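# Topology and contacts: notes
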Amino acid sequence: MSLFWIVIRQLAEFEAMATSKKVITREDWEKKLNDVKIRKEDMNKLVMNFLVTEGYVDAAEKFRMESGTEHIDLATITDRMAVKKAVQCGNVEDAIEKVNDLNPEQSFLEELERTVALLAFEDVTNCPVGELLDISQRLKTASEVNAAILTSQSHEKDPKLPSLLKMLVWAQNQLDEKAAYPRINNLSTAMLEDPAV
């Protein structure tokens, strides 16, 4: 065999080794996962943050009682969800009234103020701001109002849980380039699936 072909073969073997992924077994992966300690209180706060931010009053109350997490003023969640529902349904006057009841000093969002203009028109289809009645616009405005109310009540405007799940997906995608490992493909079940080798 000529030196040329020996070098080519060595390069091919080296390249194959360089591009091959490290394989991590389920046993090793689970051992590493078990070594990570997460406090139960932190997990409870994460769940409560999601329930409060998204407005699940009954679930937040039951979870608070079962987990012993800090007391949450459930009335503020109920009031906030009433505002959000009024905006989503297009009940502008009701939404503004409810926002004023919640926080008379908090200035309205620009979108909510523009929506008041709809009250001046009998036929909103010919109104210059008629697009505000579109369902997608109402949902967007409702989310913005909800976020503004949360901020005014010293809460975070977005739940942390979805961001953590996005980070999990990103981290797995990064790791996929370097290793084969048990990964979570279905976020709703969080079951580890063996690596495809």
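Conventions adopted
Residues numbered from 1 in each chain as written. Predicted model: local features only at pLDDT ≥ 70, side-chain atom pairs only at ≥ 80, totals over all residues. Heavy atoms only, no water. Salt bridge = Lys/Arg side-chain N within 4 Å of Asp/Glu carboxyl O. Helix = DSSP H or I, 4+ residues; strand = E, 2+ residues; numbered from the N terminus. Phe/Tyr/Trp six-rings, centres within 6.5 Å; stacked < 30°, edge-to-face > 60°. Buried < 20%, exposed > 50% of the residue type's maximum accessible area, 1.4 Å probe, protein only. Lys, Arg positive; Asp, Glu negative; His and termini not counted. Contact = heavy atoms within 4.5 Å. Axes fitted to C-alpha atoms, helices over the stretch in contact; angles between N-to-C directions. Nonpolar A, V, L, I, M, F, W, Y, C, P; charged D, E, K, R; others polar. Parallel < 35°, antiparallel > 145°, perpendicular 65-115°, else oblique. Left-handed = near helix turned anticlockwise from the far one by under 90°. Patch = residues over 30% accessible without salt bridge, like charges linked within 9 Å, V, L, I, M, F, W, Y side chains within 5 Å. Areas by Shrake-Rupley, 256 points an atom, 1.4 Å probe, with all protein chains shown as cover. Charge placed at Lys NZ, Arg CZ, Asp CG, Glu CD.

### Things to note about the pattern of salt bridges
Scanning all chains against the criterion turns up 8 salt bridges. Here Arg26 ties to Glu30 by a salt bridge, and the two come within 3.4 Å at their closest N and O atoms. With Arg26 and Glu30 both in helix α2 (residues 26-35) and 4 residues apart, the pair spans about one turn of that helix. Taking the shortest distance from any N to any O, the salt bridge between Arg64 and Glu61 comes out at 2.9 Å. Residue Arg64 and its partner Glu61 are both found in helix α4 (residues 57-67); the two are separated by 3 residues, about one turn of the helix. Among the charged side chains, a salt-bridge network with shared partners connects Arg26, Glu30 and Asp194.

### A closer look at the packing of aromatic side chains
Taken as a whole and judged by the stated rule, the model has 2 aromatic pairs. On the basis of an interplanar angle of 35 degrees and a centroid distance of 5.0 Å, the ring pair of Trp29 and Tyr181 is categorised as tilted. Linking Trp29 in helix α2 with Tyr181 in the loop between β2 (179-180) and β3 (183-184), this pair joins segments that are 152 residues apart in sequence. Residue class for Trp29 comes out buried when judged on its relative accessible area of 16%.

### Thoughts on the side chain of Lys84
In this structure, Lys84 sits in helix α5 (residues 74-89). One buried charge, Lys84, has no salt-bridge partner; the nearest side chain with opposite charge is Glu54, at 4.9 Å. With residues up to four places along the chain from it excluded, the contact list for Lys84 reads Ala142 and Asn146.

### Concerning the packing of helix α3 (residues 40-54) against helix α9 (residues 160-176)
One can describe the packing of α3 onto α9 by two numbers: an axis separation of 8 Å at closest approach and a directional angle of 115 degrees. On α9, the residues touching Leu46, Asn49 and Phe50 of α3 are Lys160, Leu161, Pro162 and Leu164. Here the contact of α3 with α9 is built from residues that sort into 5 nonpolar, 1 polar and 1 charged.

### A few points about the packing of α5 against helix α6 (residues 92-102)
In the contact formed by α5 and α6, the axes pass within 8 Å of each other and the chain directions differ by 160 degrees. When the axes of α5 and α6 are compared, the pair comes out roughly antiparallel. Regarding α5 and α6, the two cross each other, and that crossing is left-handed. Residues Asp79, Arg80, Ala82, Val83, Ala86 and Val87 of α5 lie in contact with α6, whose contacting residues are Asp94, Ala95, Lys98, Val99 and Leu102. Each residue belonging to the contact of α5 with α6 can be placed in one class, and the counts come to 7 nonpolar, no polar and 4 charged.

### Let's talk about a negative patch on the surface
Together, Asp73, Asp79, Glu93, Glu97 and Asp101 make up a region of like negative charge exposed at the surface. With 3 residues, the top contributor of residues to the negative patch is α6. Position of Glu93 relative to the elements: it lies in helix α6.

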